Amino acid sequence: MADPTPLLCHPYPPSSDTQEQPPSPPNKHHPSLGSTVELCIGDFNWSQFLQSVLVSVAWLFDAQQTFITVFTDAPPSWHCTRGNNDCAAAATLCDLPREWWAWDAPAHASTVSEWGLECANSVISGLPASSFFVGCLVGGFVLASLADSSLGRKNMLFFSCLLMGITSLLSTFSPNVWVYSALKFLCGFARATIGTSALVLATEIVGKRRRGQISVIGFFCFTIGFLSLPVMAYANKSSSWRNLYLWTSITTIIYCILVKVFVTESPRWLLVRGRTEEAVATLKCITSVTQSNLDLAINNMSHKEETWNEDLFSALKILLQKKWSSRRLVSIMAMGIGIGLVYYGMPLGLQNLSFNLYLSVTFNALSELPSALIVFFFIDKFNRRPALLLFTILSGVFSVMSVIDVKPWTNLQIGFELISFFSACSSFNVYLIYTTELFPTCVRNSALSMARLAVVLGGAFSPMLVSAGRENKFLCYGVFGLVIGFSGIYGIFLPETRGRALCDTLDEEENKEKLACDMVA
């Protein structure tokens, strides 16, 4: 690493007296914005690392709120209170009089037992989880371009985490399933842009050499958040489900304060928005290049400020208007639907397997660790398109194999499920990194938001398939496998991005697209 720089610094720090040669632009007269930023960011140092880690921690709280209903809304185990054959032979407790059975845990341990949802239809019992995903869909669409236009990456991350923490805290006071579902919708609405803002901000403050590894830090944090749930749930199994929301919401709100105080804005976004002085100050905080040399490099670059990005949906409009960007967006979203169906559906479907829920969720969370490690060490080694195709096919094959319910294959179901989920996690990680590389800075957050919107759209169908899978496992794991198995094929419509520097403007990306087409021709 280069010489460390402080995590906190004055907004306009004085120039250093250290004699240092200014970065030499690749173009003698008019270097582009992208090449200038790459040079100004300089070598990877401790300031960039600490900023990236702090930003990536947001994924931890994202994971907790995404999968918390696996435990808070799980049907509790029950036992017969009358020792007769009718009770023991009953397939479900709904076939028995209420006085014949009792919950193994206190009624307030789950929303199902507290509000008497054990015999409610699948629409009512799955309403909170479905409301969360619908909120993610609406929030992902409505808030998609705010981080590119008016708010920026840092403020978008701060306000999203704060709103998610507040709605999660309010969930502890829910009197019934309807209020609870409404709050889950708001929580999903706020959560929709957390991962995208964190990923984009973390990758835009480092150079292309470390971009792939820095992206994976967020995936590790997501895994830690996922792993924390079975631990907290097991410790809380005899207490109220409301405690889970209380613990996770308070830590989220504390994290928001840290983001507001310590995190800097993306210098790429500031330059694209024409806020040059702030960009220079931010670069000074995260690089060892002196302010005078930063000023010299930025003043010499050739860049015209983007003027089209003026309203809420400007970024989405321009993405759809241009042929190259609309083709990329449609292809990446089609791929995301299949990945999201399995990525979010697998943990929810664990209740359909004959295996301990706490252990199975823990194993699924642990399977994300090798997935993140593989991406961390090999993201710069393999091409994005074949990697996505390989992982999606593997996930699809083993998901279909999880349907097998014939002895001795029944005992292997959890193994097949874990391999499928591991492959889905790997494809999801590569998918997010690939999306950040496909689009320029001025629309990157909007494009990534739409990509994650597609993932959530796939996840929104998963609760219904999981409910249907209680009677027929193929409607759950079989459909999961077929959809994700074919989703990787859409990568053939996308360009390869491995080892390529990030573009910052639409013109840069469009010129690169034309150059690639000319070379192929």
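Residues numbered from 1 in each chain as written. Predicted model: local features only at pLDDT ≥ 70, side-chain atom pairs only at ≥ 80, totals over all residues. Heavy atoms only, no water.

- Labelled according to an unreviewed UniProt entry, the protein chain appears under the name Major facilitator superfamily (MFS) profile domain-containing protein, originating from Phaseolus coccineus.
- Comment text from UniProt for the protein chain, heading Subcellular location (unreviewed entry), reads "Membrane". (UniProt positions renumbered as here; feature names shortened; annotations may be inferred.)

### Brief notes about the overall build of the protein chain
Here is step 1 of the chain: Within the protein chain, the regular secondary structure consists of 24 helices and two strands.
Here is step 2 of the chain: Across the protein chain, contacts joining residues at least 24 apart in sequence account for 84% of those joining residues at least 6 apart.
Here is step 3 of the chain: With an accessible surface of roughly 21000 Å², the protein chain has 64% of that area assigned to carbon and sulfur atoms. (Helix = DSSP H or I, 4+ residues; strand = E, 2+ residues; numbered from the N terminus. Contact = heavy atoms within 4.5 Å. Areas by Shrake-Rupley, 256 points an atom, 1.4 Å probe, with all protein chains shown as cover.)

### Thoughts on the side chain of D62
Here is step 1 of the chain: Within the fold, D62 resides in helix α3 (residues 58-67).
Here is step 2 of the chain: Ignoring sequence-local partners within four residues, the contact set of D62 consists of M164, R191, I194, G195, F222 and R452.

### Thoughts on the environment of P347
Here is step 1 of the chain: When you line up the elements, P347 lands in helix α18 (residues 323-348).
Here is step 2 of the chain: For P347 and F67, which are 280 residues apart along the polypeptide, the C-alpha to C-alpha distance reads 7.8 Å.
Here is step 3 of the chain: Ignoring sequence-local partners within four residues, the contact set of P347 consists of F67, V70, F226, V342 and F421.

### Remarks on the confidence of the model for the protein chain
Here is step 1 of the chain: Scored by pLDDT, the protein chain comes out at a mean of 80, with 81% of its residues at no less than 70.
Here is step 2 of the chain: Confidence over residues 1-29 falls short of pLDDT 50; this stretch has 57 contacts with residues more than four positions distant or in other chains. (pLDDT = per-residue confidence, 0-100.)

### So, the nonpolar core
Here is step 1 of the chain: Of all hydrophobic cores here, the largest spans 116 residues; its most connected members are L157, Y431 and F480.
Here is step 2 of the chain: Top element by residues in this core is helix α22 (residues 441-468). It accounts for 13 residues.
Here is step 3 of the chain: Setting aside anything within four residues of it in sequence, one finds Y431 in contact with I332, M333, M335, G336, I339, L388, A451, A454 and V455.
Here is step 4 of the chain: Counting six residues, the second largest nonpolar core, distinct from the first, contains L93, L96, W100 and W101. (Core = buried A, V, L, I, M, F, W, Y, C linked by side-chain atoms within 4.5 Å. Buried < 20%, exposed > 50% of the residue type's maximum accessible area, 1.4 Å probe, protein only.)

### Observations regarding the packing of aromatic side chains
For any pair of aromatic rings, the description rests on two quantities: the centre-to-centre distance and the angle between the ring planes.
Here is step 1 of the chain: Applying the stated criterion across every chain yields a total of 27 aromatic pairs.
Here is step 2 of the chain: Each ring, one from F67 and one from F226, has its centre 4.4 Å from the other, and the planes form 15°; the classification is stacked. Residue F67 is located in helix α3, and its partner F226 is located in helix α12 (residues 211-235); the two are separated by 159 residues in the primary sequence.
Here is step 3 of the chain: Owing to a relative accessible area of 2%, F67 belongs among the buried residues under this scheme. (Phe/Tyr/Trp six-rings, centres within 6.5 Å; stacked < 30°, edge-to-face > 60°.)

### Focus on the state of the cysteines
Here is step 1 of the chain: Inspection of every chain in the model, using the stated rule, returns zero disulfides.
Here is step 2 of the chain: Cysteine C161 shares no disulfide, and the gap to the nearest cysteine sulfur, in C256, comes to 4.9 Å. (Disulfide = S-S within 2.5 Å.)

### Quick notes on the side chain of S131
Here is step 1 of the chain: Relative to the helices and strands, S131 is located in helix α8 (residues 127-142).
Here is step 2 of the chain: The exposure class assigned to S131 is buried, which follows from its relative accessible area of 11%.
Here is step 3 of the chain: In this structure the side chain of S131 is engaged in a polar contact, spanning 2.7 Å, whose partner is the backbone oxygen of L127.
Here is step 4 of the chain: Setting aside residues up to four positions removed in sequence, S131 forms contacts with S181, K184 and F185. (Polar contact = N/O pair within 3.5 Å; in protein donor to acceptor, adjacent residues only side chain to side chain.)

### Considering the pattern of salt bridges
Here is step 1 of the chain: Scanning the entire structure with this criterion turns up nine salt bridges.
Here is step 2 of the chain: For the salt bridge of K322 with E510, the shortest nitrogen-to-oxygen distance reads 3.3 Å. Taken together, the positions of K322 in the loop between α17 (314-321) and α18 and E510 in helix α24 (residues 506-520) put the pair 188 residues apart, joining distant regions of the chain.
Here is step 3 of the chain: For R384, the salt bridge identified is with E437, shortest N-O distance 2.8 Å. With R384 in helix α20 (residues 384-401) and E437 in helix α21 (residues 413-438), the pair connects residues that are 53 residues apart, well separated along the chain.
Here is step 4 of the chain: Relative accessible area serves as the criterion here: at 4%, E437 is assigned to the buried category.
Here is step 5 of the chain: If you follow the salt bridges from partner to partner, you end up with D62, R191 and R452 in one network. (Salt bridge = Lys/Arg side-chain N within 4 Å of Asp/Glu carboxyl O.)

### Description of the packing of α3 against helix α11 (residues 194-204)
Here is step 1 of the chain: Remark: α3 packs on α11, axes separated minimally by 9 Å, with the N-to-C direction vectors making an angle of 160°. Classified by the angle their axes make, α3 and α11 are roughly antiparallel. As for the relative orientation of α3 and α11, their crossing is left-handed in sense. Contact residues: α3 offers A58, W59 and D62, while α11 offers I194, G195, A198 and L199.
Here is step 2 of the chain: Of the residues belonging to the contact of α3 with α11, the class tally is five nonpolar, one polar and one charged. (Axes fitted to C-alpha atoms, helices over the stretch in contact; angles between N-to-C directions. Parallel < 35°, antiparallel > 145°, perpendicular 65-115°, else oblique. Left-handed = near helix turned anticlockwise from the far one by under 90°. Nonpolar A, V, L, I, M, F, W, Y, C, P; charged D, E, K, R; others polar.)

### Digging into helix α15 (residues 276-286)
Here is step 1 of the chain: In terms of burial, α15 is a largely internal element, eight of the 11 residues being buried.
Here is step 2 of the chain: Burial in α15 covers these residues: A279, V280, A281, T282, L283, K284, C285 and I286.

### Quick look at the environment of Q64
Here is step 1 of the chain: Mapped onto the fold, Q64 is located in helix α3.
Here is step 2 of the chain: Apart from the residues within four sequence positions on either side, Q64 is in contact with G225, S228, L229, M232 and T248.

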